[in-house]
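Next come the chains, spelled out residue by residue.
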Amino acid sequence: MRPWTTTIAVLAWLSLAGSASAETLLIGVAAPLSGPSAILGKQIEAGATMAAEASDTEIRTIDDACTAAGGVAAAREFAAAKVKVVIGFLCTDAIEAALPILKDADIPVITVGVRTESLTDRRAKTGWPIYRLGPRSDDERNAVAATLTRLWQNELFAIVDDGTIYGREMAETFRSAAEQAALKPVFVDTFRPQLDNQIGLIGRLKKAGATHVFAGGDGDDVAIMGRDAGQLDTGMVFAGGEALRAPLGDVPYAVGTLMIAPPEWVDVADPKVLQSFVAQNIVPDGYTLPAYAAVEIAREAFAASETSGKSLADLLTGHDFTTAIGPIRFDEKGDLTQNPYRAYRFDGGRFVRAESQ
């Protein structure tokens, strides 16, 4: 998600946004600081705190507990404190309960982790002032379909899934996109997951002539397929979704395995920002950097609103923001204008950005 040329108009807008403001910006930070998601909430808190310390910004952090009740309580506190914008939120229950209250208080929200499509798809009906810094839940399967349809247009490819909703939706989206591009898989099937080996499946794929295989399922299953295909000397290339980023069991991925996933933010972040985290002995993982970026976006929009007289919501829509994780732009619904998923190839030790995109 790095660098793209900024237009003269955007440079002028950002210059305006950078003007000094007499008023200190107060940002609400909603994060699960208790319960099973507390470790993720602490990442949000750490990132927001670091970004606030780097600018003339104050934050008020409230535990939303990842529950509807917690979301309501947090929203009421934010409204009473007259925060200008709220960032954070990881859970659908909490943010859905909070949004009506924040809407009435005219407080926009930048969520760093909620992927539920309906939050932004219903914007015309609800009027909820929400902006999504992370991907939508359908971004993954759309990226899989677009990427592999392009990369494998001249290959004999197969599509298999593990029968789960997650795996089947990705497989079907890819199959449909391939059909629209006048491409036809040589083999389509559902495999049984969590087996010690997939020799039978590999045999059927080989018989069908498949050289490239998309597997909608867990990383362990894809790793086992790659191992078994290698033992049978098939030369098959396997691909999967973001699930391939999860910790593996005893079987490593085959070299050349493709993963369609968002970047690891630490790999694309501003080096100076990373150094600031190191200086504070903070590991910038998980939601730390997105939370940092959310504060940067809020800061830029607030400064521009102070000089232009426009509302924060107006300025959050359709403008380019310079952040620690790269340029960010929200569309009219509040979603990212660019799908963050990219293709990565396993080099034997880690997944690296695939050269052909």
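Keep in mind it's a predicted model, so treat the numbers as computed, not measured.

A. Spotlight on the state of the cysteines. For the structure on display, the rule yields one disulfide. Residue pairing for Cys-66: its cysteine sulfur links by disulfide to Cys-91, the two sulfurs lying 1.8 Å apart. When the S-S torsion is 60°, as for the bridge of Cys-66 with Cys-91, the disulfide is right-handed. Separated by 25 residues along the polypeptide, Cys-66 in the loop between strand S2 (57–63) and helix H3 (68–81) and Cys-91 in the loop between strand S3 (85–88) and helix H4 (92–104) bring together distant segments of the chain. Judged by its relative accessible area of 16%, Cys-66 is buried.

B. Representation of the packing of aromatic side chains. Following the criterion strictly, the structure yields ten aromatic pairs and no others. Between Phe-321 and Phe-330 the ring centres are 6.5 Å apart and the planes differ by 50°, which places this aromatic pair in the tilted class. Like Phe-330, Phe-321 is buried. Taken together through their ring pairs, the aromatic side chains of Trp-152, Phe-157, Phe-174 and Phe-214 make up a single cluster. One cation-aromatic arrangement involves Arg-245 over Tyr-344; the distance from NZ or CZ to the ring centre is 5.9 Å.

C. Seen up close, the pairing of strand S1 (residues 25–31). Most of S1 is tucked away: seven of the seven residues are buried. Of the two faces of S1, the one holding Leu-25, Ile-27, Val-29 and Ala-31 and the one holding Leu-26, Gly-28 and Ala-30 are both buried throughout. Relative to S2, S1 runs parallel, the two sharing seven bridges. Bridge pairing in S2 links Ala-30 to Ile-62. With helix H2 (residues 38–53) bridging S1 and its parallel neighbour S2, the resulting β-α-β unit is right-handed.

D. Focus on the sheet that holds strand S5 (residues 130–132). The five strands are arranged S2-S1-S3-S4-S5 in an open sheet whose pairing can be described as parallel. Each edge of the sheet is formed by a strand with only one pairing partner; in this case those strands are S2 and S5. Averaged over neighbouring strand pairs, the angle between their axes works out to 25° when direction is ignored. In the sheet, S3 pairs with strand S4 (residues 109–111) via three bridges, with the strands oriented parallel. Residue pairing across strands places Gly-88 opposite Thr-111, the latter belonging to S4. Its contacts with the sheet put H3 on S1, S2 and S3, and the angle it makes with S2 is roughly 150°. Packing of H4 onto the sheet brings it into contact with S3, S4 and S5, and relative to S4 it is tilted by some 160°.

E. Up close: the side chain of Thr-147. Take Thr-147: it is sitting in helix H7 (residues 139–151). The residues contacting Thr-147, other than those within four sequence positions of it, are Ile-260 and Ala-343.

F. Main features of the side chain of Thr-317. If you trace the backbone, Thr-317 turns up in the loop between helix H14 (312–316) and strand S11 (320–323). Among the polar contacts listed, one links the side chain of Thr-317 to the backbone oxygen of Ala-313, at a separation of 3.2 Å. Residues within four places of Thr-317 in sequence aside, it is in contact with Arg-123, Tyr-131, Phe-330, Asp-331 and Glu-332.

G. View of the environment of Pro-129. If you trace the backbone, Pro-129 turns up in the loop between helix H6 (123–126) and S5. A C-alpha to C-alpha distance of 45 Å links Pro-129 and Gly-226, two positions 97 residues apart in sequence. If we skip the residues at most four places from it in the chain, Pro-129 touches Leu-99, Lys-103, Ile-107, Pro-108, Val-109 and Arg-123.

H. Spatial organisation of the pattern of salt bridges. This model, assessed by the stated rule, comprises 19 salt bridges. A salt bridge links Glu-264 to Arg-245; the nearest nitrogen and oxygen atoms lie 3.3 Å apart. Placement of the pair is Glu-264 in the loop between strand S10 (258–261) and helix H11 (265–268) and Arg-245 in the loop between strand S9 (237–240) and S10, with a sequence separation of 19 residues. One network of salt bridges, in which partners are shared, links Asp-121, Arg-132, Arg-136, Asp-138, Lys-333 and Asp-335.

I. Representation of the sheet that holds strand S6 (residues 157–161) in the model. One open sheet accounts for seven strands, arranged S7-S6-S8-S9-S10-S13-S14; its pairing is mixed. Every interior strand has two partners, whereas the edge strands, strand S7 (187–190) and strand S14 (351–353), have only one. Geometrically, the sheet is characterised by an average inter-axis angle of 25° between neighbouring strands, direction not taken into account. Sheet analysis places strand S8 (residues 212–216) next to S9, joined by three bridges and oriented parallel. The residue of S9 that forms the bridge with Phe-214 is Ala-239. Contacting S8, S9, S10 and strand S13 (342–346), H7 crosses the sheet at an angle of about 140° to S10. Helix-sheet contacts for helix H10 (residues 219–231) involve S8 and S9, and the interaxial angle to S9 is about 175°.

What counts and what doesn't
- Residues numbered from 1 in each chain as written.
- Predicted model: local features only at pLDDT ≥ 70, side-chain atom pairs only at ≥ 80, totals over all residues.
- Heavy atoms only, no water.
- Disulfide = S-S within 2.5 Å.
- Helix = DSSP H or I, 4+ residues; strand = E, 2+ residues; numbered from the N terminus.
- Buried < 20%, exposed > 50% of the residue type's maximum accessible area, 1.4 Å probe, protein only.
- Phe/Tyr/Trp six-rings, centres within 6.5 Å; stacked < 30°, edge-to-face > 60°.
- Lys NZ or Arg CZ within 6 Å of the ring centre and 35° of its normal.
- Pairing = 2+ DSSP bridges.
- Right-handed = clockwise from strand over helix to strand, strands pointing away.
- Axes fitted to C-alpha atoms, helices over the stretch in contact; angles between N-to-C directions.
- Contact = heavy atoms within 4.5 Å.
- Polar contact = N/O pair within 3.5 Å; in protein donor to acceptor, adjacent residues only side chain to side chain.
- Salt bridge = Lys/Arg side-chain N within 4 Å of Asp/Glu carboxyl O.

Any functional reading would require information beyond the geometric quantities listed.
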